Amino acid sequence: MSIQYEVEQLAGSYGVADSFPKDFGYGDEEADIEDSPAPSDSKPRILLMGLRRSGKSSIQKVVFHKMSPNETLFLESTNKIYKDDISSSSFVNFQIWDFPGQVDFFDPTFDYEMIFRGTGALIFVIDAQDDYVEALGRLHLTVSRAYRVNPEINFEVFIHKVDGLSDDHKIETQRDIHQRANDDLADASLEKLHLSFYLTSIYDHSIFEAFSKVVQKLIPQLPTLENLLNIFISNSGIEKAFLFDVVSKIYIATDSSPVDMQSYELCCDMIDVVIDVSCIYGLREDGSGSAYDKESMAIIKLNNTTVLYLKEVTKFLALVCILREESFERKGLIDYNFHCFRKAIHEVFEVGVLSQRPLGTLPVGSPARGKAVALNGTPRNTV
Ligand SMILES: Nc1nc2c(ncn2[C@@H]2O[C@H](COP(=O)(O)OP(=O)(O)OP(=O)(O)O)[C@@H](O)[C@H]2O)c(=O)[nH]1
C-alpha cells in the first residue's frame, strides 16, 4: 500500500503559510527556492538565563557545538551576552543568547524591553545541586518582567545538574521548585504566566530531550509534521519515528505515540555512529565533501530483532525509525513511503520559504500571498 495520496493531500490541505525555521536543502528540486535568511538580529531568540555557574554555557556548547560534557569543566565564566547564531549549521533557525550570570540584567543601560520583544522562549536554568532560593527569586523577577513586555514568550525552567541527585531527590526538588515558583506568581497575581519544568543534565540525553520540547513549541508546522509521521509509520509497519536535526540531535517532531527515553537515546546514538563513520570513510581523499548529504542512509540490525533505519530528509534533517525485523521484510514499501514522506516534507518547507519573501514578490495564487508572516510564530523585531 502506498501513502502517496494521503501525504500529498495533507501537505496541500494544510496550506502551511507560516514560515519555516530554515531553508531546507539543496539540489535540483529546491533550486527555484530562493534562500533568503532573515538578518541575524531579526531571528527569534531563545534566551538562556540563570545565576552564575548554573550551567548555561555548558548547555549551549553541549547541545549545539558537540562539546563533551567533561570539557565544560574548563569553561570560563561568560562576561558579556553571547549571541550564538546556529542557523547556518542547523535546522533550528534561532539565535541562542547566553546571558552572563553576574550582569545586572535590570540595569537601566540594558534595554530589556527590546530583548524580550523578539524572544520566542526564555529558558531559566536552576542549579539543582545548589541552594536554589536565590535562583527562585531571580526566576520570579525575570519572568514577571518578561511577561509584562511580551506575554507570548514560552517560559521554560531547566532544573539542571540533576545527575548528582537520587531519583527521589529529583522528584522532590522538582515538586518544591514548581510549588514555590507558582506560589510566587500567584502572590503577584500572575497566574496566567505558565512555567514548564524539565529535569536536565548535560551528562545524559535529558538536555537534548528538554531542548527538543522547547524548540518544538516554536515550530508552527509541528502538527503537520506529526501528521505526516503518523501516516508514514502506520503505513510502513514502523514502531517509532523521529525527525532529527542532525547537528544538535534535537528531535523537531515525532509521531504521536509516547516517547520513551531509551528509544530516543538509541536514535541519537545511531546518528553519532553514522556521522562518525561517514567522517572517517565518507569524505574524499583530499578531505572535501560532507559527512551528511543526500546519499546519507543507514540500516542497523540489533540482536533483539529490532532494526534502526536512518535516511536523509533535508540538508539538516534526518528521519530515524525503530521497527521490528519482520516489518523490515517489506523494505521496498518502506523506501517508497519514505520517498513520499520526504517529498511532502519538502513541500511543507517550500511554502514556508515562499512565505518569507516579501509578499509582492510571490507568484499570484501562491498560498502565502496575503498572509501575515511571523518567523516561527515570533514577531521579527530588530534589536
Ligand atoms: N554535574 C553537572 N555539572 C554541570 C552540568 N552542566 C554544567 N555543569 C558544570 O557547571 C559549571 C558551570 O557551568 P557554566 O556553563 O560555565 O555555567 P554558566 O551558567 O554559563 O556560568 P556563567 O557564565 O558564570 O554565568 C561547569 O563546571 C560545568 O561543568 C550538569 O548537567 N551536571
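Parameters at a glance
- Residues numbered from 1 in each chain as written.
- Predicted model: local features only at pLDDT ≥ 70, side-chain atom pairs only at ≥ 80, totals over all residues.
- Heavy atoms only, no water.
- Phe/Tyr/Trp six-rings, centres within 6.5 Å; stacked < 30°, edge-to-face > 60°.
- Helix = DSSP H or I, 4+ residues; strand = E, 2+ residues; numbered from the N terminus.
- Patch = residues over 30% accessible without salt bridge, like charges linked within 9 Å, V, L, I, M, F, W, Y side chains within 5 Å.
- Areas by Shrake-Rupley, 256 points an atom, 1.4 Å probe, with all protein chains shown as cover.
- Salt bridge = Lys/Arg side-chain N within 4 Å of Asp/Glu carboxyl O.
- Polar contact = N/O pair within 3.5 Å; in protein donor to acceptor, adjacent residues only side chain to side chain.
- Contact = heavy atoms within 4.5 Å.
- Buried < 20%, exposed > 50% of the residue type's maximum accessible area, 1.4 Å probe, protein only.
- Pairing = 2+ DSSP bridges.

## Section: the packing of aromatic side chains
Given two aromatic rings, one states the distance between the centres and the angle between the planes to describe the pair.
Part 1 of the reasoning: One pass over the structure, following the stated rule, counts 12 aromatic pairs.
Part 2 of the reasoning: Centroid distance Phe 158 to Tyr 198: 5.5 Å. Interplanar angle 75°. Geometry classified as edge-to-face. One end of the pair, Phe 158, is in strand β5 (residues 154-160); the other, Tyr 198, is in strand β6 (residues 195-199), and 40 residues separate them in sequence.
Part 3 of the reasoning: Among the aromatic residues, those joined into a cluster by ring pairs are Phe 64, Phe 158, Tyr 198 and Phe 211.

## Here's the deal with a nonpolar patch on the surface
Part 1 of the reasoning: Residues Val 273, Val 277, Ile 280 and Tyr 281 make up a contiguous nonpolar surface patch of roughly 450 Å² in combined accessible area.
Part 2 of the reasoning: Relative to the elements of secondary structure, Ile 280 occurs in helix α8 (residues 261-281).

## Regarding the side chain of Thr 254
Part 1 of the reasoning: Assignment of secondary structure puts Thr 254 in strand β8 (residues 250-254).
Part 2 of the reasoning: For Thr 254, the side chain forms a polar contact with the side chain of Lys 240, separated by 3.1 Å.
Part 3 of the reasoning: Reaching out from Thr 254, the side chain makes a polar contact with the backbone oxygen of Ala 241 at a distance of 2.7 Å.
Part 4 of the reasoning: Apart from residues no more than four positions distant in its own chain, Thr 254 is found in contact with Glu 226, Leu 229, Lys 240, Ala 241, Phe 242 and Val 259.

## Regarding unusual backbone geometry
Excluding glycine, most residues fall at negative phi; most peptide bonds, likewise, are trans.
Part 1 of the reasoning: At Lys 66, a position not held by glycine, the phi torsion is positive, near 55°.
Part 2 of the reasoning: Within the secondary structure, Lys 66 sits in the loop between α2 (56-65) and β2 (82-85).
Part 3 of the reasoning: Look at Lys 249: it is not a glycine, yet its phi comes out positive at around 60°.

## As for the environment of Leu 165
Part 1 of the reasoning: Structurally, Leu 165 is set in the loop between β5 and α5 (167-187).
Part 2 of the reasoning: Leu 165 gets classed as buried once you look at its relative accessible area, which sits at 12%.
Part 3 of the reasoning: Between the C-alpha atoms of Leu 165 and Gln 129, which are 36 residues apart in sequence, the distance is 7.5 Å.
Part 4 of the reasoning: Look past the residues within four positions of Leu 165 in its chain and what remains in contact with it is Ala 128, Gln 129, Lys 170 and Thr 173.

## Overview of the pairing of strand β7 (residues 238-245)
Part 1 of the reasoning: The buried fraction of β7 amounts to seven of the eight residues, a majority that puts the element mostly inside the structure.
Part 2 of the reasoning: Where β7 lies against strand β11 (residues 317-324), seven bridges are found, and the strand directions are antiparallel. Directly across from Asp 245, in β11, lies its bridge partner Leu 317.
Part 3 of the reasoning: Relative to β8, β7 runs antiparallel, the two being bridged by four bridges. The residue bridging Phe 244 from the neighbouring strand is Tyr 251, located in β8.
Part 4 of the reasoning: Connecting the antiparallel pair β7 and β8 is a turn made up of four residues, with Lys 249 showing a positive phi of about 60°.

Honestly, that's just the spatial picture; any functional story needs more than this.
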